[in-house]
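Here's the letter readout for the chains.
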Amino acid sequence: TASTNQFLKYDGTNWTPTDGSSIGYIFIGHGESNAYSNSPHGSGGFASTSDLYIYDTSPVNTISGATITSTNNWVSSITLPAGNYLVSGQILLKFSSSGYAVFSFHNSSNTRLSQSGVIGTNRITYHGAGDLAYSIIELSSQTTIKLKLEAIGGTIDTGSNQGNTPSEHGLIIIEKLS
């Protein structure tokens with residue numbers, strides 16, 4: 001029988017009570033304010049291949065062997081050990097005209113690892129896509145992942161015109177499944 005803050009985990013033979021703290025996870029994006037022009041992106045424009053950065057002064061990482069890479073509290077990538085993960089990421093950007101932005105998780109070779117999230121208006125090309133990049137990824141070896149733009153329609157405001165919007169609304173959540 002599981003106690004408070006425990007869950008039942010199947011070990012291949014039996015269901016056994018396990019502490020909730022044994023589930024490894026990463027949480028980045030506590031809604032803090034910082035201008036996106038302070039991120040490694042800087043004040044310039046966006047391209048359909050731009051990296052995206054999530055702001056967090058105290059990201060949570062309980063996945064053994066995982067590391068978070070950041071500059072001035074702007075997270076640029078996460079390195080995960082081999083295993084299976086549920087990944088989700090979100091960003092909110094300002095547009096100077098109607099349009100959309102498509103983003104997803106990529107590895108360091110720029111191979112897309114997740115389904116796409118889409119933000120903005122006029123996103124009819126991506127029927128059914130939500131505003132969250134969300135997938136289960138299976139990594140056979142240590143892999144560095146990051147959020148990246150993959151398509152833009154319309155005009156995204158420059159980094160200097162984004163203000164605090166991306167820092168206040170961006171997040172990454174990763175759960176280790178096995």
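Residues numbered from 1 in each chain as written. Predicted model: local features only at pLDDT ≥ 70, side-chain atom pairs only at ≥ 80, totals over all residues. Heavy atoms only, no water.

Novice: Can you tell me about the packing of aromatic side chains, naming the residues and giving the values?
Specialist: Across all of its chains, the model carries four aromatic pairs by this definition. Note on Tyr36 and Trp74: the rings are 5.3 Å apart at their centroids and 90° apart in plane angle, and the pair reads as edge-to-face. Of the two residues, Tyr36 is situated in the loop between β3 (25-28) and β4 (54-55) and Trp74 in strand β7 (residues 74-80); the sequence distance between them amounts to 38 residues. We classify Tyr36 as buried; its relative accessible area is 0%. On the numbers, 5.0 Å between centres and 55° between planes, the contact of Tyr55 with Trp74 is tilted. (Phe/Tyr/Trp six-rings, centres within 6.5 Å; stacked < 30°, edge-to-face > 60°. Helix = DSSP H or I, 4+ residues; strand = E, 2+ residues; numbered from the N terminus. Buried < 20%, exposed > 50% of the residue type's maximum accessible area, 1.4 Å probe, protein only.)

Novice: Run through empty space enclosed by the protein, naming residues and quoting values.
Specialist: Considering all chains together, one arrives at one cavity of 30 Å³ or more under this definition. The space that makes up the largest cavity amounts to roughly 40 Å³. Around the largest cavity, the lining residues are Leu52, Ile54, Val75, Ser76, Ser77, Ile78, Ile145, Lys146, Leu147 and Ile172. For the lining of the largest cavity, the secondary structure elements donating two or more residues are β7 and β12 (143-153). For the lining of the largest cavity, the element with the highest residue contribution is β7, accounting for four residues. (1 Å grid on protein atoms, 1.4 Å probe; cavity = no way out; pocket = protein on both sides within 12 Å on 5 of 7 lines; lining within 4 Å. Points joined across faces, edges and corners; volume = space filled by probe spheres on them.)

Novice: Before we move on, can you summarise the sheet that holds strand β8 (residues 83-90) with the specific residues and values?
Specialist: A sheet is described by the order of its strands in space; here five strands give the open sequence β5-β3-β13-β8-β11, paired in antiparallel fashion. Every other strand in the sheet has two partners, leaving β5 (60-61) and β11 (133-139) as the edge strands with one partner each. Summarising the sheet, β8 and strand β13 (residues 171-176) pair through six bridges and their orientation is antiparallel. By the bridge assignment for β13, Tyr85 is matched with Lys176. (Pairing = 2+ DSSP bridges.)

Novice: Would you mind going over a nonpolar patch on the surface in detail, with residue names and values included?
Specialist: Taken together, the side chains of Leu8, Tyr10 and Trp15 present a nonpolar region at the surface, about 370 Å² in accessible area. Within the secondary structure, Trp15 is located in strand β2 (residues 15-19). (Patch = residues over 30% accessible without salt bridge, like charges linked within 9 Å, V, L, I, M, F, W, Y side chains within 5 Å. Areas by Shrake-Rupley, 256 points an atom, 1.4 Å probe, with all protein chains shown as cover. Salt bridge = Lys/Arg side-chain N within 4 Å of Asp/Glu carboxyl O.)

Novice: Summarise the nonpolar core; cite the residues concerned and give the values.
Specialist: Across soluble globular proteins, you tend to see nonpolar side chains buried next to one another. Leu52, Ile78, Leu80 and Ile174 are the most contacted members of the largest nonpolar core, which totals 31 residues. Examining the composition of this core, we find that four residues originate from one element, β7, more than from any other. In this structure Ile174 touches Gly24, Tyr25, Ile26, Ile63, Ile78, Leu80, Tyr85, Leu86, Val87 and Ile145, once residues within four positions along its chain are discounted. (Core = buried A, V, L, I, M, F, W, Y, C linked by side-chain atoms within 4.5 Å. Contact = heavy atoms within 4.5 Å.)

Novice: Now, about the side chain of Ser135: what can you tell me, with residues and values included?
Specialist: Within the secondary structure, Ser135 is located in strand β11. Looking at Ser135, the relative accessible area reads 14%, which means it is buried. The contacts of Ser135, once residues within four sequence positions are left out, are Tyr85, Leu86, Val87, Leu113, Ser114 and Gln115.

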